[in-house]
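Structural characterization, general
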Number of protein chains: 2
Amino acid sequence: MMELFFKPKSVAVVGASGTPGKLGYVIVKNIADSDFDGEVYPVNPKSDEILGYKVYKSLTEIPGEVDLVVTALPTPKITAAAMEECAKKGVKAVIIESAGFAEIGGEGKVIQQQIVDIAKKNNIRVMGPNCSGIVSRNIVTSIYPMTKKVSRGNVVLIGQSGLLAAGMASDIVENESLSVNKVCSIGNKCDVNENDLLEYFGEQDDVDVISMYLENVSDGKNLTRIAKKVAAEKPVIFLNGGRTDAGAKAAMSHTGSIASNSKIVKTAIQQTGMIQADDFGEMKDFAKVFSTQPLPKGNRIAVITLAGSVGVVVSDLCAEHGLELPKLTPDTMEILKDKFDTPVSNPVDLFFSVTKIGFTKTLETTFPDALKDPNIDAAVLILAGFEYTQEAVQKKIIQKIVAEVGKPVVVCMIVGYNKYKNVITDELGKDLPVFPSLISGVKALSKLCEYGIRKHQNQP
Amino acid sequence: MMELFFKPKSVAVVGASGTPGKLGYVIVKNIADSDFDGEVYPVNPKSDEILGYKVYKSLTEIPGEVDLVVTALPTPKITAAAMEECAKKGVKAVIIESAGFAEIGGEGKVIQQQIVDIAKKNNIRVMGPNCSGIVSRNIVTSIYPMTKKVSRGNVVLIGQSGLLAAGMASDIVENESLSVNKVCSIGNKCDVNENDLLEYFGEQDDVDVISMYLENVSDGKNLTRIAKKVAAEKPVIFLNGGRTDAGAKAAMSHTGSIASNSKIVKTAIQQTGMIQADDFGEMKDFAKVFSTQPLPKGNRIAVITLAGSVGVVVSDLCAEHGLELPKLTPDTMEILKDKFDTPVSNPVDLFFSVTKIGFTKTLETTFPDALKDPNIDAAVLILAGFEYTQEAVQKKIIQKIVAEVGKPVVVCMIVGYNKYKNVITDELGKDLPVFPSLISGVKALSKLCEYGIRKHQNQP
């Protein structure tokens, strides 16, 4: 049934508009600009053609079957009427984008319940209201104009908030290196909720990472059951808005819903093995690491640095985030010592070698050995924005080493992040997670190790 | 005496070189490119002229007085000999940049002690060895080529690490909006240490913020005494490398010094009111907030947001960092309600108003009132990278409001950080601290409030 939302063969937009800027126009335009190759039916009693599509006066007038209906109607009442028409037409999936329902209370709440009643009676699944639907390569029902096509990535983002899910989706698609498959904004969750999506995406082979932002949990018991099953297979990153009293109060005035008791959610996270994020940035950071790096079997980290002091601070941060910096094996130390002509420990300080034989050569002769070391599960690679770093990135030196060794690596930039952003972050960032600070990279890696260890332990 | 390092009237570079790329060349070039208007004396027995300066065979051959000597000599032994010559010449301040002293042990350690003995006997102050000296508008003795001139800012950075202090200095000067006055790299601290610099900069009127990175504390008792006095006047931000066992081990192999017992440092930080940073990024972030924003008297925050969900997460982060989100006063709520036509709480969600009257007008009619509210000490302003935000920044709308109200504000970007970086971050970042994530902005503001409250309480 959830397939109808994500892989419909036909879509009707009820409340379609020919006026650029209007929600009913943007949705039709977004669908037109996506890879959707099924039938598109704009519905509007007053138009004949929108963006080249024939417009229908009503849903029931549409000749073929309609898999998915997206509504962009001015009032809740008219939306409820459209639901009745959906029932008549035999539609089984509806996305209601407009706001003004339960989140404002009063009549909005009453009408939302009417919509739920119609849906239940007619076996219709409803996403929303007060949401911005779906952004994917196949279909974009979002209010937000997507100027580029979504990638065919392996990350799914689920958000409760309309603006953010849409804005963030667009931002990631346009500006970030995160490889997104779908973004879903589920708004008031009058019917379809996070559990439905978790279960669905848990079963999709092209989805490797699920990230979600929720201000309240629709059904804690089911979340725990489903998330446990899904998180055993693939990482589920969870940003829980309203986890403090202050946040809960803000959530109340934002979505009108009482934020989930933070203790219940905390317990659910612990029981299910979901990964907690504290910020939208972390949600993206963690997703980037999980979606691009293999899972480590342990938490033993090699730190590769250009400056001793950065090695010191990263060592501190690793220790504070539950990561270990073991000694390299005597074999590796011997190999590195020969190459460096000085004793090498962990952190591996490249500085003197770089001044002698250059950055690229130093990296090629030391990084693979340190990363391959049997004492090492993963690495933090510190890069500085210099000419030679840019050269190494453009020659794919770092990317090749990481790919060949097959262990997870996060890159942290210390200086020159802004100056070399285009090359180092954007270019290297296609293959590896690149962080503008030490703390963000170490925290993300700690989450990867935590999950990797748990998964490894649970394997038969 | 410390004045001689920072405001010398004459500088000699012993080991000056005419060969571009060499340390002895870079130092002369950097001094030449700085605003230094005193005498410059390159010393090298084999040259006649370097970069237009007359070269002297030895220090004693120089006709006038020499306030400051910078050495860039190939071996510790030759450096020790140069120290003897400094004594003969009556020099009172020496910066030794080259490495190979106590940090490598053995003979290096012995010679460093000889240098200290010469210094003590002759009343000479020595900075280094194994350091990269000073970067300032007046004089640059750093190894690192500074392509632009340092600003006449109000922030001083003190670092133990040569590469980092130099690299970070250059990075900040070239790429960051931090308004730096001086960067000092004190290396092995054989004589001049953090306490000397803290005391000196504590007394300088043009220095408002002192940030330091140390891997070991030279004299904990004096640090506590001096830092307590200085931190009562101006913020001292302290990144303590080696605060964990792993970090301490890395520090040992980095600077050869045993890292300070983390408990001692922790206690010193608590007793003195220094502000602890966990990462170089935080060191810069905190310095940016402290150097641009007034001190709040309390921790009561207004959150101004474009998206409800972001308000929720910022509320959570505020609560987790000891910040309160009070209700606005009834008066302010009434004013805002009139303007918004809906009830307004804290976080102040601008979304509906923006869709109705636009971003700039919404900001102008709501942000000043929320910020002026007597219940409010400071604000987190959430901006998204959109066309209209860019417009508001270019028209200086935000900057003017913040300047007029006179309360501290941090700006956090949610989407479009990369796309609009040039305008929003770089342009707005000249006047306000702009953060690419919520968590970093909230943490920095929490430090400002913590310090502001302490200072306010200690005032008579």
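Relevant structure appears above.
Conventions and cut-offs
- Residues numbered from 1 in each chain as written.
- Chains lettered and ligands numbered in written order.
- Predicted model: local features only at pLDDT ≥ 70, side-chain atom pairs only at ≥ 80, totals over all residues.
- Helix = DSSP H or I, 4+ residues; strand = E, 2+ residues; numbered from the N terminus.
- Expected span 1.5 Å × (residues − 1).
- Buried ≥ 20, exposed ≤ 12 C-beta atoms within 10 Å, placed from the backbone.
- Least-squares fit on C-alpha atoms with pLDDT ≥ 70 in both.
- Contact = placed C-beta atoms within 7 Å.
- Core = buried A, V, L, I, M, F, W, Y, C linked by C-beta atoms within 7 Å.
- Pairing = 2+ DSSP bridges.
- Nonpolar A, V, L, I, M, F, W, Y, C, P; charged D, E, K, R; others polar.
- Axes fitted to C-alpha atoms, helices over the stretch in contact; angles between N-to-C directions.

Attention shifts here to helix H11 (residues 308-320) of chain B. Residues and elements named next belong to chain B. The end-to-end C-alpha separation of H11 is 19 Å, in line with the 18 Å expected for 13 residues at 1.5 Å each. Along H11, 12 of the 13 residues are buried, which leaves the element largely enclosed by surrounding structure. Backbone geometry just after H11 places glycine 322 at a positive phi near 75°.

Superposition record for chain A on chain B: RMSD 0.0 Å, screw rotation 180°, translation along axis 0.0 Å. Both copies of the chain, as the preceding transformation shows, are related through a two-fold rotation axis. Taken as a fraction of all interface residues of chain A, those also at the interface in chain B reach 100%, which identifies the copy contact as same-surface.

Our next topic: the nonpolar core. By size, the foremost hydrophobic cluster in this structure holds 315 residues, and its most contacted members are Ala379 and Val380 of chain A together with Ala379 and Val380 of chain B. In this structure, alanine 379 of chain A is in contact with Ile301, Ala302, Ile304, Ala370, Leu371, Lys407 and Val409 of chain A, ignoring residues within four places of it in sequence.

Here the focus is the pairing of strand S9 (residues 155-159) of chain B. Residues and elements named next belong to chain B. Of all 5 residues making up S9, 5 are buried, and the element is well covered by its neighbours. In S9, alternate side chains face the same way, and those of Val155, Leu157 and Gly159 on one face and Val156 and Ile158 on the other are all buried. For S9 and strand S10 (residues 180-185), the ladder comprises 5 bridges, and the chain directions are parallel. Bridging from a neighbouring strand, valine 155 pairs with valine 180 of S10.

At the junction of the two partners, chain A supplies 55 residues and chain B supplies 55 residues. The set of elements that each furnish at least two residues to the side of chain A that touches chain B consists of helix H5 (162-175), helix H8 (245-255), helix H10 (280-292), helix H11 (308-320) and helix H18 (438-458) of chain A. Sorting elements by how many residues they give to the side of chain A that touches chain B places H11 of chain A first, with 12 residues. The class makeup of the residues in the side of chain A that touches chain B is 24 nonpolar, 20 polar and 11 charged.

What follows is about the environment of lysine 400 of chain A. The topology assignment puts lysine 400 of chain A in helix H16 (residues 397-405). For lysine 400 of chain A, a count of 13 C-beta atoms within 10 Å gives the class partly exposed.

Residue and element names in this part refer to chain B. With respect to the secondary-structure elements, alanine 81 resides in helix H3 (residues 76-89). By the C-beta count within 10 Å, which is 15 here, alanine 81 ends up partly exposed. On a C-alpha basis, the gap between alanine 81 and glutamine 114 in space is 9.9 Å, while along the polypeptide they are 33 residues apart.

In the segment running from glycine 128 of chain A into proline 129 of chain A, the intervening peptide bond is cis, with an omega of -10°. Within the secondary structure, proline 129 of chain A is located in the loop between strand S7 (125-127) and strand S8 (133-136). Between asparagine 346 of chain B and the following residue, proline 347 of chain B, the backbone shows a cis peptide bond with an omega angle of 5°. Structurally, proline 347 of chain B is set in the loop between helix H12 (330-340) and strand S15 (348-349). Even without being a glycine, leucine 51 of chain B presents a positive backbone phi close to 50°. For leucine 51 of chain B, the location among the structural elements is in the loop between strand S3 (49-50) and strand S4 (53-54). Exposure remark for leucine 51 of chain B: the 16 C-beta atoms within 10 Å place this residue in the partly exposed category.

Here the focus is the sheet that holds strand S10 (residues 180-185) of chain A. Residue and element names in this part refer to chain A. The strand order across the open sheet formed by 6 strands is S8-S10-S9-S11-S12-S13, and the pairing between neighbours is mixed. Since the sheet does not close on itself, it has two edges, and those belong to S8 and strand S13 (275-277), each with one partner. Ignoring which end each strand starts from, the neighbouring axes of this sheet average 15° apart. Relative to S13, strand S12 (residues 236-240) runs parallel, the two being bridged by 3 bridges. Following the sheet pairing, isoleucine 237 is matched in S13 by isoleucine 275.

A few words on the sheet that holds S10 of chain B. Residue and element names in this part refer to chain B. The 6 strands are arranged S8-S10-S9-S11-S12-S13 in an open sheet whose pairing can be described as mixed. Two strands in the sheet have a free side with no partner beyond their single neighbour: strand S8 (133-136) and strand S13 (275-277). Each strand axis lies, on average, 15° off the axis of its neighbour in the sheet, ignoring direction. Contacting S9, S10, strand S11 (209-214) and strand S12 (236-240), helix H6 (residues 194-203) crosses the sheet at an angle of about 175° to S11.

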